[in-house]
Amino acid sequence: MKPMHTLALPRLVAAGIVACSLVACAPTPVVPEGAIQARADLTRLQSDAKLAPLAPEALTDAEAAVQLAEQLDAAPELAAHRVYIAQRKVEVAKAVAEARYAERERTALAAELDRARLEAREREVDSARMDADAARTQTAALQAEIDAMNARSTDRGLVLTLGDVLFETAKADLKAGSVADLDQLATFLSKYPDRSVVIEGHTDSVGGEDYNLGLSQRRAESVRSYLMRHGVDPSRVTTQGMGESAPVASNESAGGRQQNRRVEIIVSNPPATSM
Amino acid sequence: MLNTNHARRGRRRTGLLAAISGAALLAAGCASTPAPTAQIESAQQAIDDAERAEAAKHASPELSQARSKLAAANTAVQNEEMEQAARLAEEARVDAELASARTAAVKAQAANEEIRRSNQALLDEMDRAAKGGTQ
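Residues numbered from 1 in each chain as written. Chains lettered and ligands numbered in written order. Predicted model: local features only at pLDDT ≥ 70, side-chain atom pairs only at ≥ 80, totals over all residues.

## Notes on the overall build of chain B
Note the cut-off: Strands are runs of DSSP state E lasting at least 2 residues, helices are runs of H or I lasting at least 4, and numbering of each runs from the N terminus. As a rule, residues whose C-beta atom has 12 or fewer other C-beta atoms within 10 Å are exposed, those with 20 or more are buried, and those in between are partly exposed; C-beta atoms are placed from the backbone. Here contacts are defined at the residue level, using C-beta atoms placed from the backbone and a cut-off of 7 Å between them.
Across its full length, chain B holds 5 helices and 0 strands. Starting at the N terminus, the α and β elements of chain B follow one another as α-α-α-α-α. Burial statistics for chain B: of 135 residues in total, 33% are counted as buried. Taking the contacts inside chain B whose residues are at least 6 apart along the sequence as the reference set, 70% of them involve residues at least 24 apart.

## Notes on the overall build of chain A
Within chain A one finds 7 helices and 5 strands. Across chain A, contacts joining residues at least 24 apart in sequence account for 72% of those joining residues at least 6 apart.

## Let's talk about the sheet that holds strand 4 (residues 237-241) of chain A
All names here are of chain A. Note the threshold: Any two strands between which DSSP finds at least two bridges are classified as paired. Fitted lines through C-alpha atoms give the axes, limited to the stretch in contact for helices. The angle between two N-to-C directions lies from 0 to 180 degrees.
With respect to topology, 5 strands assemble into an open sheet ordered 1-2-5-3-4, the strand pairing being mixed. Taken across any chain shown, the strands that pair with only one partner, and hence form the sheet edges, are strand 1 (151-154) and strand 4. The sheet shows a mean angle of 25° between the axes of neighbouring strands, direction not considered. Of the pairings in the sheet, the one linking strand 1 to strand 2 (residues 157-163) comprises 4 bridges and is antiparallel in character. Residue pairing across strands places S153 opposite L158, the latter belonging to strand 2. Helix 6 (residues 209-229) contacts strand 3 (197-202), strand 4 and strand 5 (262-267) of the sheet and is inclined by roughly 160° relative to strand 4.

## Details of the environment of A:A93
All names here are of chain A. Position of A93 among the secondary structure elements: in helix 4 (residues 76-148). You can call A93 buried: it has 29 C-beta atoms within 10 Å. A93 sits 31 residues away from A62 along the chain, and the two C-alpha atoms are 7.0 Å apart. Leave out the neighbours within four places in its chain, and A93 touches L45, A55, A58, L59 and A62.

## Concerning the packing of helix 2 (residues 33-46) of chain A against helix 4 of chain A
Residue and element names in this part refer to chain A. Heads up, the condition is: In what follows, roughly perpendicular refers to angles from 65 to 115 degrees, roughly parallel to angles under 35, roughly antiparallel to angles over 145, and oblique to any angle outside these ranges. The crossing is said to be left-handed when, going from far helix to near helix, the turn is anticlockwise and less than a right angle, and right-handed when the turn is clockwise. In this count, Pro and Cys sit with the nonpolar residues alongside Ala, Val, Leu, Ile, Met, Phe, Trp and Tyr, while Asp, Glu, Lys and Arg are called charged and the others, Gly among them, polar.
Axis separation between helix 2 and helix 4 bottoms out at 9 Å; the angle between their running directions is 15°. With respect to each other, helix 2 and helix 4 are oriented roughly parallel. Where helix 2 crosses over helix 4, the two elements pack in a sense that is left-handed. Counted together, G34, A35, A38, D41, L42 and L45 of helix 2 and V83, A86, Q87, V90, A93 and K94 of helix 4 form the full contact between these two elements. Partitioning the contact of helix 2 with helix 4 into residue classes produces 8 nonpolar, 2 polar and 2 charged.

## Focus on the confidence of the model for chain B
Selection criterion: For every residue, the pLDDT score states the predictor's confidence, bounded by 0 at the bottom and 100 at the top.
When pLDDT is averaged across chain B, the result is 83; 73% of the residues are at 70 or more. In the predicted assembly, ipTM is 0.73 and pTM is 0.54.

## Things to note about helix 4 of chain A
The following threshold applies: Here the expected length of a helix is defined as 1.5 Å per residue gap, with one fewer gap than residues.
With 73 residues, helix 4 of chain A ought to run about 108 Å at 1.5 Å a step, and its terminal C-alpha atoms sit 104 Å apart, in line with that. A positive backbone phi angle near 60° is found at A:N150, which sits one or two residues after helix 4 of chain A.

## Overview of the confidence of the model for chain A
Residues and elements named next belong to chain A. Taken over all residues, the pLDDT of chain A has a mean of 83, while the share at 70 or more is 87%. Ranking the elements of chain A by mean pLDDT puts helix 1 (residues 2-25) last, at 51, and helix 3 (residues 56-69) first, at 97. Below pLDDT 50 for its whole length, residues 1-5 participates in 0 contacts with residues either more than four positions away or in separate chains.

## Re the packing of helix 2 of chain A against helix 3 of chain A
Residues and elements named next belong to chain A. With their axes 9 Å apart at the nearest point, helix 2 and helix 3 run at an angle of 155° to one another. As summarised for this structure, helix 2 and helix 3 are arranged roughly antiparallel, according to the angle between their axes. Like other packed secondary-structure pairs, helix 2 and helix 3 cross with a definite hand, here left-handed. Between helix 2 and helix 3, the residues in contact are A35, A38, R39, L42, L45 and Q46 and L59, A62, E63, V66 and A69, respectively. Grouping the amino acids of the contact of helix 2 with helix 3 by side-chain chemistry returns 8 nonpolar, 1 polar and 2 charged.

## Some points on unusual backbone geometry
All names here are of chain B. Here E54, not a glycine, exhibits a phi torsion of approximately 70°, which is positive. In this structure, E54 sits in the loop between helix 2 (37-52) and helix 3 (55-58). Within the chain, E80 stands out as a residue other than glycine whose phi angle is a positive 60°.

## Re helix 4 (residues 60-78) of chain B
For helix 4 of chain B, with 19 residues, the first-to-last C-alpha span of 27 Å sits near the 27 Å given by 1.5 Å per residue. One or two residues past the end of helix 4 of chain B sits B:E80, with phi positive at roughly 60°.

## A word on the environment of B:A46
Residues and elements named next belong to chain B. Its location among the elements puts A46 in helix 2. Since 22 C-beta atoms lie within 10 Å of it, A46 is described here as buried. When near neighbours in sequence (up to four residues on either side) are disregarded, A46 contacts R93, A96 and E97.

## Re the pairing of strand 5 of chain A
All names here are of chain A. Note: strand 2 against strand 5, 6 bridges, orientation antiparallel. The partner of V159 across the bridge, within strand 5, is I266. Examined bridge by bridge, strand 3 and strand 5 share 6 bridges and lie antiparallel to one another. Counted as the bridge partner of I199 is I265 from strand 5.

If you want it as structure tokens, here you go:
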């Protein structure tokens, strides 16, 4: 590199001297370099089908300025001035066209946005309707299931009463073939996993109180085991033996005593927001 | 901000007028080229327009160039270089016009970008709703 420099410099100087002497004799007018560049930029802009039609006046202006800059007879200072103006006017034309292009684009974009907003609203309405439909369907299904289980709604939740036909006298084992209601309860609980149950055993007043308490507790446990065998999580089921403490009818008559011998299953209402 | 701008412009105007009238007197005296009053006025007008369009924010190099060219034009008038003054004033005007045009383009493009962003946000939102809403 270094020898190149030392060699090149004198050569350039020599060339310069030759060029100078040539110019002095016969100055050949040339189009200023800047004007050539301005012409190229202008031509590119004029042939831009997207932009050119958007700034006709500015392009006419730029064309005139470029033509002026291309004149051969101008003094160097005037030529430089004309080139500057020409370049700037080409840039102005380009910026004007770009601004207008963006403004037109905005109309289309705004229309697109309106369409999207409308669609979003429609979808929202649809989805709200679907949610409402689903909730109604669910409520109806729940009611049907409750009806099927012969349960009644109370302040404590749903109360399902299983009669003494489930058990042999003084026994806590469930009678085979009498568990249809329990099967329905198990299905119900698997469908509504946010609900839990309390199983209460009750007896009539025949027999000792302690014995009755124990029997009612064992019968409640027996129902709980049945539910667990049918897939209900043990944590959702609690039991309580009530003995003869909460009769629903008089223990004086056989019919009343039969009503009192029962298992009540209280299904808790779900947490408020889930339905 | 506005006040200082006005004040600055006012001062500039006064200086400009003084320069022009001074130059005019001299020109009359010497019977040489008259000062390029019209060019200087129209350059000032173009700069004012650009400033109003907030070119200082969106096309500040072009606006600065316009201002310093106009200042140079006024100096040239004082030095009785009328031809030079006329050229500088014309260049100042074109610089200011470019500042305005670029500002308009930048603003329009930014506005479109904003709409595009809202649009995309909305589409994303709908997408999420469509995916998450069916559970």
